[in-house]
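Summary of structural features
Given next are the chains, with one letter for each unit.
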Amino acid sequence: MSFDVKWLEDCTYTLTPTKESFAKYPRLPKNAIITVKITNTTTNSYTQSSTSNFVDKTIVSEVIKTQ
């Protein structure tokens with residue numbers, strides 16, 4: 001999937017699917033927005049909490065920098 005990214009604050013951004021994503025995933029809601037909050041950072045990773053306006057669930061994940 002591809003998204004348009006909009007930073008709201010230093011640690012919060014939204015992801016809006018692009019036209020290509022909607023074409024590939026037609027069941028995706030047309031007003032879909034994913035909100036990501038970075039909640040912790042380390043030297044090589046960060047923890048994020050992701051929510052959306054179309055699923056009542058919060059996903060917490062860790063993003064790790066690779067070389």
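Look a little higher up for the structure.
Heads up: these notes are all about the structure in this document. It should be emphasised that the depicted structure is a prediction, and the values quoted were computed from it without experimental measurement.

Observations concerning the sheet that holds strand β3 (residues 34-41)
Spatially, the 5 strands line up as an open sheet ordered β1-β2-β3-β4-β5, and their pairing is antiparallel. Each edge of the open sheet carries a strand with a single partner, namely β1 (3-9) and β5 (59-64). Here the average twist between neighbouring strands, direction ignored, is 30 degrees.

What to know about the packing of aromatic side chains
Considering all chains together, one arrives at 1 aromatic pair under this definition. Note on W7 and Y13: the rings are 4.7 Å apart at their centroids and 50 degrees apart in plane angle, and the pair reads as tilted. Of the residues examined, Y13 reaches a relative accessible area of 11% and is grouped as buried.

Here's the deal with the pairing of β5
Counting buried positions along β5 gives 0 out of 6 residues, so the element sits mostly on the surface. Here strand β4 (residues 45-52) folds back onto β5 in antiparallel fashion, the turn holding 6 residues.

Regarding the pairing of strand β2 (residues 12-17)
Counting buried positions over the 6 residues of β2 gives 5, a clear majority of the element. Of the strand pairs in this sheet, β1 and β2 are connected by 6 bridges, and their pairing is antiparallel. Bridge pairing in β2 links E9 to T12. Linking β1 to β2, which pair antiparallel, is a turn of 2 residues.

Remarks on the environment of S50
Positionally, S50 belongs in strand β4. Using a relative accessible area of 15% as the deciding quantity, one classes S50 as buried. C-alpha of S50 to C-alpha of Y13: the two residues are 37 residues apart in sequence and 9.8 Å apart in space. With residues near it in sequence (within four places) discarded, S50 still touches I34, T35, V36, K57, T58 and I59.

With respect to the layout of surface pockets
Of the volumes computed, that of the largest pocket is approximately 160 Å³. If you go around the largest pocket, the residues you meet are I34, Q48, S50, T51, S52, V55, K57, I59 and S61. When residues in the lining of the largest pocket are grouped by element, the largest group, 4 residues, is from β4. Considered class by class, the residues forming the lining of the largest pocket number 3 nonpolar, 5 polar and 1 charged.

Analysis parameters
Residues numbered from 1 in each chain as written. Predicted model: local features only at pLDDT ≥ 70, side-chain atom pairs only at ≥ 80, totals over all residues. Heavy atoms only, no water. Pairing = 2+ DSSP bridges. Helix = DSSP H or I, 4+ residues; strand = E, 2+ residues; numbered from the N terminus. Axes fitted to C-alpha atoms, helices over the stretch in contact; angles between N-to-C directions. Phe/Tyr/Trp six-rings, centres within 6.5 Å; stacked < 30°, edge-to-face > 60°. Buried < 20%, exposed > 50% of the residue type's maximum accessible area, 1.4 Å probe, protein only. Contact = heavy atoms within 4.5 Å. 1 Å grid on protein atoms, 1.4 Å probe; cavity = no way out; pocket = protein on both sides within 12 Å on 5 of 7 lines; lining within 4 Å. Points joined across faces, edges and corners; volume = space filled by probe spheres on them. Nonpolar A, V, L, I, M, F, W, Y, C, P; charged D, E, K, R; others polar.

Distances and angles like these do not, on their own, reveal function.
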